[in-house]
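Given next are the chains, with one letter for each unit.
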Amino acid sequence: MDSITRASVVVWFLVVVLLSVSSIVKSCPPSDRAALLALRADLVEPYLGIFDTWKGIDCCKGWYGISCDPNTRQVADINLRGESEDPIFEKAGRTGFMTGSISPSICKLKRLSSVIIADWKGITGEIPACITTLPFLRILDLVGNKLSGELPANIGKLRRLAVLNVADNLITGRIPQSIVNISSLMHLDLRNNRISGEIPAEFGRLSMLSRALLSRNQLSGSIPSSISKIYRLADLDLSLNYLSGSIAEWLGKMAVLSTLNLDGNLITGNIPATLLNSAVSILNLSRNSLEGRIPDVFGAGSYFTALDLSYNKLRGPIPKTLSSAAYIGHLDLSHNHLCGPIPGGSPFDHLDASSFAYNDCLCGKPLRPC
Ligand SMILES: *[C@@H]1O[C@H](CO)[C@@H](O)[C@H](O)[C@H]1NC(C)=O
Ligand SMILES: *[C@@H]1O[C@H](CO)[C@@H](O)[C@H](O)[C@H]1NC(C)=O
């Protein structure tokens with residue numbers, strides 16, 4: 001062997017050694033692996049076998065639903081969805097089901113940026129309170145389980161949290177006051193739980209919020225006026241609670257609010273004119289105790305995918321300007337005390353009698369002639 005060949009053999013040797021050393025460095029930290037195994041130990045997934053893939057030294061490689069930070073190799077994402085397009089579900093011919101609970105050992109995974117343990121239908125127990133000690137958490141999605149207990153009181157410590165979704169569980173207690181400190185929160189979904197008490201007065205400090213979905217709970221009190229400051233709010237769903245008070249004018253002045261569901265509450269007072277003349281295109285105020293007349297403020301700029309004012313105590317005529325609206329997809333004015341002729345015009349052509357039924361004395365197409 002000449003010296004050049006010898007040198008290149010040495011170089012190759014070094015490369016091979018370096019590669020194997022780096023592949024050891026590149027497996028997940030043993031403490032992360034241990035935390036995942038503890039998480040697995042408290043969960044039972046009988047049908048798909050996803051946890052059968054959680055084996056071997058490197059939890060960053062081939063472990064279903066786990067991904068790691070490419071540099072530190074720490075676990076960064078847990079993404080376990082019980083309903084997904086993944087072939088594993090197709091093969092099993094069913095959606096996911098899991099029982100057990102979420103072990104607090106999940107909080108040892110300090111680099112976690114997303115925790116998605118969603119739609120497993122049978123996971124019980126509480127949300128581990130220590131979850132608020134994960135400084136990098138951006139997504140917490142636990143929708144569709146049977147989680148009970150309260151939201152962690154100091155959830156406001158999760159300053160980077162952008163998505164908080166615990167909908168469709170059995171969460172009780174109040175919305176923690178500290179929630180207003182999650183300055184990066186964009187999407188809040190607490191629907192269909194048993195959350196009671198008032199919406200925190202300072203809710204409007206959540207200035208990044210674009211969707212606030214609180215429907216189907218037991219919330220009481222009035223709608224906090226601070227919400228008017230949430231500039232990006234596009235979707236506000238407070239339906240099916242026990243909210244009272246009246247609808248403030250400012251709700252009709254929000255820049256990008258397009259869906260507003262306040263149906264199924266105890267709201268009183270009049271419908272503010274601003275609300276019918278706003279960016280809101282899906283408006284459901286059904287099943288409250290709204291009074292007075294429907295403001296006569298519609299026009300060529302009025303565009304409603306759905307306008308549901310049914311089951312209130314509205315009086316007077318159907319506003320004439322409603323027939324000049326650009327579009328009304330679904331209209332329900334039934335179960336009020338409206339009276340007088342139903343206006344004609346294109347927005348009304350496709351509506352049937354059920355839109356107007358159970359009022360005091362409405363008449364004209366599609367009801368009986370006047
Ligand atoms: C929000 O954060 C501030 C500053 O960290 C703190 O002083 C305050 O107590 C927190 N608010 C709530 C309601 O937790
Ligand atoms: C409005 O809310 C009521 C009561 O919650 C519901 O029955 C109805 O379907 C909703 N209307 C629309 C258009 O979604």
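Everything numeric in this text was worked out from a predicted model, so none of it was measured. (Residues numbered from 1 in each chain as written. Chains lettered and ligands numbered in written order. Predicted model: local features only at pLDDT ≥ 70, side-chain atom pairs only at ≥ 80, totals over all residues.)

Chemist: Please explain the overall build of the protein as it appears in this structure.
Modeler: When its secondary structure is counted, the protein shows 5 helices and 22 strands. At 28 Å, the protein has a C-alpha radius of gyration far larger than the 21 Å of a compact globule built from 370 residues. By principal-axis analysis of the C-alpha atoms, the protein measures approximately 110 × 45 × 40 Å. Looking at the protein alone, contacts between residues at least 24 apart form 46% of all its contacts between residues at least 6 apart. (Helix = DSSP H or I, 4+ residues; strand = E, 2+ residues; numbered from the N terminus. Rg over C-alpha atoms; globule rule 2.2 N^0.38 Å. Contact = placed C-beta atoms within 7 Å.)

Chemist: Could you clarify how one ought to interpret the pairing of strand β5 (residues 114–118) in this entry?
Modeler: Walk down a regular strand and you will see the side chains alternate between the two sheet faces. Where strand β3 (residues 75–81) meets β5, 5 bridges bridge the pair, whose relative direction is parallel. Bridge pairing in β5 links Asn79 to Ile116. In terms of strand pairing, β5 meets strand β6 (residues 139–141) through 3 bridges, oriented parallel. Counted as the bridge partner of Val115 is Leu140 from β6. (Pairing = 2+ DSSP bridges.)

Chemist: Whenever I open this one, the site of ligand 2 confuses me. Can you help?
Modeler: By nearness alone, every residue bordering ligand 2 is listed as Ser239, Leu240, Asp263, Gly264, Asn284, Ser286, Arg287, Ala306, Asp308 and His330. Broken down by class, the residue content of the shell around ligand 2 amounts to 2 nonpolar, 5 polar and 3 charged. (Near = placed C-beta within 6 Å. Nonpolar A, V, L, I, M, F, W, Y, C, P; charged D, E, K, R; others polar.)

Chemist: I tried to follow the sheet that holds strand β21 (residues 337–341) on my own but got confused; where do I start?
Modeler: Picture the strands of a sheet paired through backbone hydrogen bonds; they go either parallel or antiparallel. Sheet architecture is open: 3 strands sit in the order β19-β21-β22, paired in parallel fashion. The open sheet has two free edges, formed respectively by β19 (315–316) and β22 (361–363), since each of these has just one partner strand. Two elements, β19 and β21, share 2 bridges in a ladder whose sense is parallel. Pairing of Arg315 across the sheet is with His337, part of β21.

Chemist: It is not clear to me how the environment of Lys121 should be interpreted in this structure. Could you clarify?
Modeler: Among the secondary structure elements, Lys121 is positioned in the loop between β5 and β6. Looking at Lys121, the number of C-beta atoms within 10 Å reads 15, which means it is partly exposed. Separated by 48 residues in the primary sequence, Lys121 and Asn169 place their C-alpha atoms 8.7 Å from one another. If we ignore the near neighbours within four places in the chain, the residues touching Lys121 are Gly82, Phe97, Gly144 and Asn145. (Buried ≥ 20, exposed ≤ 12 C-beta atoms within 10 Å, placed from the backbone.)

Chemist: What should I look at first to understand the site of ligand 1 in this one?
Modeler: Looking at ligand 1, the residues that line it are Gly156, Gln177, Ser178 and Asn181. Grouping the constituent residues of the shell around ligand 1 by class yields no nonpolar, 4 polar and no charged.

Chemist: How do you make sense of the sheet that holds β3 when you look at a structure like this?
Modeler: An order of β2-β3-β5-β6-β7-β8-β10-β12-β14-β16-β18-β20 is seen for the 12 strands of this open sheet, with the pairing classed as mixed. Two strands bound the open sheet, and with one partner strand each, they are β2 (66–68) and β20 (327–332). Averaged over all neighbouring strand pairs, the angle between strand axes comes to 10 degrees, with direction disregarded. (Axes fitted to C-alpha atoms, helices over the stretch in contact; angles between N-to-C directions.)

Chemist: Would you take a moment to explain the UniProt feature "domain: Leucine-rich repeat-containing N-terminal plant-type" (unreviewed entry) in the protein for this structure?
Modeler: Under the local residue numbering, the UniProt record ascribes the feature "domain: Leucine-rich repeat-containing N-terminal plant-type" (unreviewed entry) to residues 30–69. Along residues 30–69, the helical share is 30% and the strand share 12%, with 15 Å between the first and last C-alpha atoms. (UniProt positions renumbered as here; feature names shortened; annotations may be inferred.)

Chemist: What is the right way to look at the pairing of strand β11 (residues 218–221) in this model?
Modeler: Bridging between strand β9 (residues 196–198) and β11 involves 3 bridges; their strand directions are parallel. In the sheet register, Gly197 faces β11, and the bridge partner there is Leu219. Inspection of the sheet shows β11 paired to strand β13 (residues 242–243) by 2 bridges, in the parallel sense. By the bridge assignment, Ser220 is partnered in β13 with Tyr242.

Chemist: Please clarify how the nonpolar core should be interpreted in this entry.
Modeler: Generally speaking, a soluble globular protein has its nonpolar side chains buried in company with each other. Judged by nonpolar contacts, the single largest core of 92 residues is most densely connected at Val75, Leu112, Ile117, Leu142, Val166 and Leu233. Mapped by element, the contributors of at least two residues to this core are α2 (30–41), β2, β3, β5, β10 (211–213), α4 (273–276), β18 (303–308) and β20. If one sorts the elements of this core by residue count, β3 sits on top with 4 residues. With residues near it in sequence (within four places) discarded, Leu112 still touches Val75, Ala76, Ile78, Leu134, Phe136 and Leu137. (Core = buried A, V, L, I, M, F, W, Y, C linked by C-beta atoms within 7 Å.)

Chemist: Can you help me understand unusual backbone geometry in this one?
Modeler: A negative phi angle is the norm for most residues apart from glycine, just as the trans form is the norm for most peptide bonds. A cis amide bond links Lys365 with the next residue in sequence, Pro366, at an omega value of 0 degrees. Along the polypeptide, Pro366 turns up in the segment after β22. Positive phi outside glycine occurs at Asp119, with the angle close to 60 degrees. Within the secondary structure, Asp119 sits in the loop between β5 and β6.

Chemist: Help me understand α2, please; the structure alone is not making it clear to me.
Modeler: In an α-helix, one full turn covers 3.6 residues, which means residues spaced three or four apart are oriented alike. Spanning 12 residues, α2 covers 16 Å between terminal C-alpha atoms, matching the ideal 16 Å at 1.5 Å per step. Within the sequence span of α2, burial applies to Asp32, Arg33, Ala35, Leu36 and Leu39. Seen end-on, α2 carries its buried residues on one side only, within an arc spanning 160 degrees. Across from the buried face of α2, at angles greater than 90 degrees, the exposed residues are Pro30 and Ala41. Considering only its buried residues, α2 is in contact with β1 (43–44), β2 and β3. (Expected span 1.5 Å × (residues − 1). Arc of directions from axis to C-beta.)

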